[in-house]
Amino acid sequence: MTGTDRATATRHTHLLEVRPASPLTGIGALVRLFGRISRRQIIIWALAMVVTVAASVVALKEAYPDQEALDARAALLGNPSAVLMTGPAFARDHYTLWAAVANELFLYVLLAGAIMSILLTVRHTRAEEEAGRLEMLRSLPTGRLAPAAAALVVVAIANLVLGAAVSIAVLVTGAPVLDGIALGTATALTGLVFAGIAAVAAQVTEHGGTASGLALGALAVAFLVRGVGDVIEEEGSWLSWFSPLAWAQQSKVFVEVRWWPLAVSVAAILVLVALAAVLSRRRDLGSGLRPAPPGPAAASAALRAPGGLARRLVTPMMVAWAIGLFLFAIAFGSLASSLEDMVEQIPTIGEFAPIDVDDLTRSFTGYILLMLALGPVGLIVSGVLRLRSEEQEGRLAGTLLAGIGRITVALRWVVVVTLEVFALQVLLGLGTGIGVWQATGEASWIGETTLAALAYLPAIAFAGALTLALYGLAVRLAGLAWLMMIWAALDTFLGDLLQLPRWARNLSVLHHVPAVPDADLEATPLVVMAALAVLLTVVGLGALRRRDLVAG
């Protein structure tokens with residue numbers, strides 16, 4: 001072998017000089033990309049949490065101004081329905097304002113953080129993969145695990161921001177510093193637990209909607225397990241510890257802070273993230289561990305029927321929410337048996353809630369129906385906006401190729417969503433009546449509350465029609481419909497306490513509905529809302545006919 005040959009043999013080629021790519025190659029750029037995409041949502045969630053938590057603490061201060069009122073409230077926590085919907089009853093013997101925050105507000109803060117985490121995780125994992133954008137990212141110099149890891153980093157940042165927002169909200173209202181920090185920390189860790197659950201669900205299924213459904217279903221199971229466990233024993237039983245929500249609540253913030261239950265959350269996060277990483281290696285890009293079953297060769301008669309596509313896509317969500325809200329309605333209604341003692345201790349209750357102490361059960365039932373009506377309002381907005389998603393993904397254009405006009409498709413879609421939400425509203429009236437019947441022993445409440453729930457149908461229809469009008473005018477405007485839902489919720493829960501001006505309260509779609517069965521039924525506002533619903537539907541369909549589709 002000559003010297004030239006030896007030099008050639010030992011010379012490194014360009015390929016040999018390139019270091020093997022890491023599974024996390026490119027994670028920094030992806031974190032910046034995902035953070036830029038979700039920055040608005042994270043900011044909105046954080047600001048909403050600051051305002052809501054701070055306002056809720058102020059509301060509790062107004063509701064329970066002295067120890068006598070706090071003791072009366074503590075007595076109500078012996079009701080299983082109250083425990084089911086709030087949490088373990090800590091420090092009942094010496095109830096304080098901050099114990100009330102821990103027992104009655106903390107659970108809903110955890111739920112909000114969990115929902116945010118699930119939605120963000122699925123948005124940046126399975127939804128990106130389903131839309132084909134992840135495949136484009138993978139064509140760049142990025143590692144196999146980099147997109148998923150970047151998504152979890154962004155979700156972790158979001159939870160840190162949310163946890164800080166919660167801590168700030170309670171600290172500015174006078175909370176002890178250590179307890180306020182513990183509250184925010186527990187909120188962030190619980191959100192990350194459900195982010196891990198969502199990451200695992202994203203490996204199992206091929207579709208983002210299914211992954212979100214699985215993770216939200218796990219949240220619902222965690223809520224139920226925690227509720228049953230806390231009913232068994234008022235400060236939490238062995239069953240409660242099977243719920244991630246209980247791990248945060250058992251830290252006993254504002255009572256006697258315990259940090260070790262949060263270590264369970266940390267361990268669960270590590271296990272779930274590791275499991276998601278292992279499962280991602282066992283499937284191909286774009287597929288799930290559980291492949292979608294092949295559909296039939298021909299569409300069923302139900303799917304080919306008018307509105308069949310809407311029923312196929314929307315009905316499962318409606319059924320799931322109907323079950324949960326129906327159980328909530330029964331639980332809320334059963335609280336009527338605990339009202340007399342509370343009013344004796346807090347005679348000013350009518351100042352911060354629309355409750356008439358002279359006819360307590362009837363006015364309380366009307367307030368329950370008002371609060372529960374927020375569910376159907378949110379669902380009709382969500383159901384109509386699903387049509388926007390179909391358009392953005394290009395599937396609506398494919399439907400139009402069959403020769404069906406876009407007006408026909410949209411009208412059938414809205415009719416299906418509206419009828420299903422109307423049925424849900426009637427079901428909520430029935431559930432409330434069953435709960436009040438259990439509390440009072442008067443079976444007549446079942447029929448009365450079911451009929452009273454019908455008064456909210458025009459307002460619900462108006463909410464759906466406004467959503468359709470915004471969607472018809474422009475796809476980007478459709479999301480503004482959620483502002484209507486948010487304002488209705490703020491007016492319902494805080495309108496009386498904050499003494500909002502009349503013009504502001506009139507902006508709530510539910511404020512115009514008479515508080516039946518406590519108030520007399522006034523037909524005029526209901527007829528006006530029904531007429532506006534028809535008008536907005538016509539406007540929305542007409543605008544949709546004139547504009548171009550965004551995809552397809």
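Use the structure listed above.
Residues numbered from 1 in each chain as written. Predicted model: local features only at pLDDT ≥ 70, side-chain atom pairs only at ≥ 80, totals over all residues. Heavy atoms only, no water.

(A) Geometry of helix α21 (residues 444-453). Where α21 is concerned, the buried positions are W445, T449, T450, A452 and A453. The arc that holds the buried residues of α21, viewed along the axis, is 160°, so those residues lie on one side. Next to the buried residues of α21 lie α17 (360-372), α20 (406-440) and α22 (457-473). (Buried < 20%, exposed > 50% of the residue type's maximum accessible area, 1.4 Å probe, protein only. Helix = DSSP H or I, 4+ residues; strand = E, 2+ residues; numbered from the N terminus. Arc of directions from axis to C-beta. Contact = heavy atoms within 4.5 Å.)

(B) Layout of α22. Helix length check: α22 (17 residues) gives 24 Å between terminal C-alpha atoms against 24 Å at 1.5 Å per residue, within 8%. Counted residue by residue, α22 has 15 buried out of 17 residues, so it is predominantly covered. (Expected span 1.5 Å × (residues − 1).)

(C) Structural context of the packing of aromatic side chains. Within the structure shown, the criterion is met by 5 aromatic pairs. Measuring from ring centre to ring centre gives 6.2 Å for W238 and F242, while their planes differ by 85°; the resulting arrangement is edge-to-face. Its end group placed over the ring of F223, R226 keeps NZ or CZ at 5.1 Å from the ring centre. A cation over an aromatic ring shows up here: R547 above the ring of Y471, its NZ or CZ 5.0 Å from the ring centre. (Phe/Tyr/Trp six-rings, centres within 6.5 Å; stacked < 30°, edge-to-face > 60°. Lys NZ or Arg CZ within 6 Å of the ring centre and 35° of its normal.)

(D) A nonpolar patch on the surface, seen in detail. A cluster of nonpolar side chains, contributed by L473, L477, L480, W482, L483, I486, L490, V528, L532, L535 and V539, occupies part of the molecular surface with about 920 Å² of accessible area. Elements supplying a minimum of two residues to the nonpolar patch: α23 (481-498) and α25 (523-546). As for its placement among the helices and strands, V528 is situated in helix α25. Given the relative accessible area of 43%, V528 is considered partly exposed. (Patch = residues over 30% accessible without salt bridge, like charges linked within 9 Å, V, L, I, M, F, W, Y side chains within 5 Å. Areas by Shrake-Rupley, 256 points an atom, 1.4 Å probe, with all protein chains shown as cover. Salt bridge = Lys/Arg side-chain N within 4 Å of Asp/Glu carboxyl O.)

(E) Layout of the packing of α20 against α25. At a minimum axis distance of 9 Å, the contact between α20 and α25 shows a crossing angle of 145°. The interaxial crossing formed by α20 with α25 has right-handed handedness. Contact residues: α20 offers R406, I407, A410 and L411, while α25 offers L541, L544 and R545. Taken together, the residues of the contact of α20 with α25 break down into 5 nonpolar, no polar and 2 charged. (Axes fitted to C-alpha atoms, helices over the stretch in contact; angles between N-to-C directions. Left-handed = near helix turned anticlockwise from the far one by under 90°. Nonpolar A, V, L, I, M, F, W, Y, C, P; charged D, E, K, R; others polar.)

(F) Representation of the side chain of E420 within the structure. Within the secondary structure, E420 is located in helix α20. No salt bridge is formed by the buried E420. Its closest oppositely charged neighbour is R311, at 6.1 Å. (Lys, Arg positive; Asp, Glu negative; His and termini not counted.)

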